[in-house]
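Structure assessment
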Amino acid sequence: SETDLDDSDHFLPRSSAAALLEFSAAQLERPDFGVQLARMQGSHVLGVVTFAVRNAPDWGGAIAVISKHVHHHSPMAAITIEPSNAAHDQRIVFRYPEAKTAVQLTEHALGLFCRIGGHLTGGRHRPTRVTFAHLPASSADVYREHFGVSPEFGARDDAVTRVGRCGRRVGEGIVTDGNADAA
């Protein structure tokens, strides 16, 4: 209801958010809608979790904060940090009930995660691998431009693999003026 939308403590059901993103992508004829939306947003969309993320000692700490507190932003979501095959890499795995059918929501979530990481580390932190359980919705160029790598599709998990150490404090040199390009 309209009253629910005005209530900042009210959660929009995840299935409704997923349906809205899918509908928007179809109506606008933008199969890359989720990625494009992520490109325009920053950490502020995480609500109260943003404050904890910005105060983390480094990007690894920020990821741990997001993983621990993501339920404040999205009650049905879970993010886990798992070791990767490479010695210092970590896989950040995104799990939620509609993952395989909510293509736009999934691409938005991983896209936003990577955008926030890039901003909070001054662009020094890019994923080394991105995997999606669904099939591609957009061209390879769209994904490569946003993620810096070509994602793998039809994978077991929706995940971002990153180098385990960044060596940079969160927030060093980032824009924080609240504009659309800010983290």
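Quick summary incoming for the structure in this document. Every chain is numbered on its own, with residues counted from 1 as its sequence reads. It should be noted that, the model being predicted, local features are given only for residues of pLDDT at least 70 and side-chain atom pairs only at 80 or more, the latter also being counted only at that level, while totals for whole chains, interfaces and linings use all residues. With hydrogens and water stripped out, all remaining heavy atoms of the structure feed into the side-chain values.

Things to note about the layout of surface pockets
The line we're drawing: A 1.4 Å probe that fits into a set of points on a 1 Å grid over the protein atoms alone but cannot get out defines a cavity; an open set with protein on both sides within 12 Å along at least five of seven lines defines a pocket, and lining residues are those with an atom within 4 Å of a point. Grid points are joined across faces, edges and corners, and a volume is the space filled by probe spheres set on the points. Note on conventions: DSSP H or I runs of at least 4 residues are helices, E runs of at least 2 residues are strands, and numbering of each starts at the N terminus.
Empty space within the largest pocket amounts to approximately 960 Å³. Around the largest pocket, the lining is made up of 36 residues, and of these Arg 14, Val 45, His 73, Ser 74 and His 108 lie nearest the centre. Put simply, the parts of the chain that give the lining of the largest pocket at least two residues each are helix 2 (14-27), helix 5 (59-73), strand 1 (78-83), strand 2 (89-95) and helix 6 (103-120). It is helix 6 that contributes the most residues to the lining of the largest pocket, six residues altogether.

A look at the packing of aromatic side chains
Counted only if it meets this: Working definition: rings of Phe, Tyr and Trp (its six-membered ring) pair if their centres are within 6.5 Å, and the pair is stacked with planes under 30 degrees apart, edge-to-face with planes over 60 apart, and tilted otherwise. Any residue under 20% of the maximum accessible area for its type is buried, any over 50% is exposed, and the rest in between are partly exposed; the area is computed with a 1.4 Å probe on protein chains only.
Inspection of every chain in the model, using the stated rule, returns six aromatic pairs. Between Trp 59 and Phe 113 the ring centres are 5.4 Å apart and the planes differ by 40°, which places this aromatic pair in the tilted class. Taken together, the residues span a long stretch of sequence, with Trp 59 in helix 5 and Phe 113 in helix 6 at a distance of 54 residues. Given the relative accessible area of 2%, Trp 59 is considered buried. When the centroid spacing of 5.4 Å and the interplanar angle of 15° are considered together, the rings of Phe 132 and Phe 153 count as stacked. Of the two residues, Phe 132 is situated in strand 3 (residues 129-132) and Phe 153 in strand 4 (residues 152-153); the sequence distance between them amounts to 21 residues. The class of Phe 132 is buried, set by a relative accessible area of 0%. We classify Phe 153 as partly exposed; its relative accessible area is 24%. Through successive ring pairs, a cluster of aromatic residues spans Phe 132, Tyr 143, Phe 147 and Phe 153.

What about the pattern of salt bridges?
So the rule is basically this: Salt bridge, as applied in this entry: a Lys or Arg side-chain nitrogen positioned within 4 Å of an Asp or Glu carboxyl oxygen.
Overall, the coordinates contain nine salt bridges when judged by the stated rule. Across the salt bridge formed by Arg 91 and Glu 82, the nearest N and O atoms sit 3.2 Å from each other. A relative accessible area of 22% places Glu 82 in the partly exposed class. Notably, a salt bridge pairs Glu 152 with Arg 129, separated by 2.7 Å at the nearest N-O pair. Here Glu 152, found in strand 4, pairs with Arg 129, found in strand 3; they are 23 residues apart in sequence, far enough to count as distant. Residue classification places Glu 152 among the partly exposed residues on the basis of a relative accessible area of 34%. The network of salt bridges with common partners includes Glu 82, Arg 91, Arg 95, Arg 156 and Asp 157.

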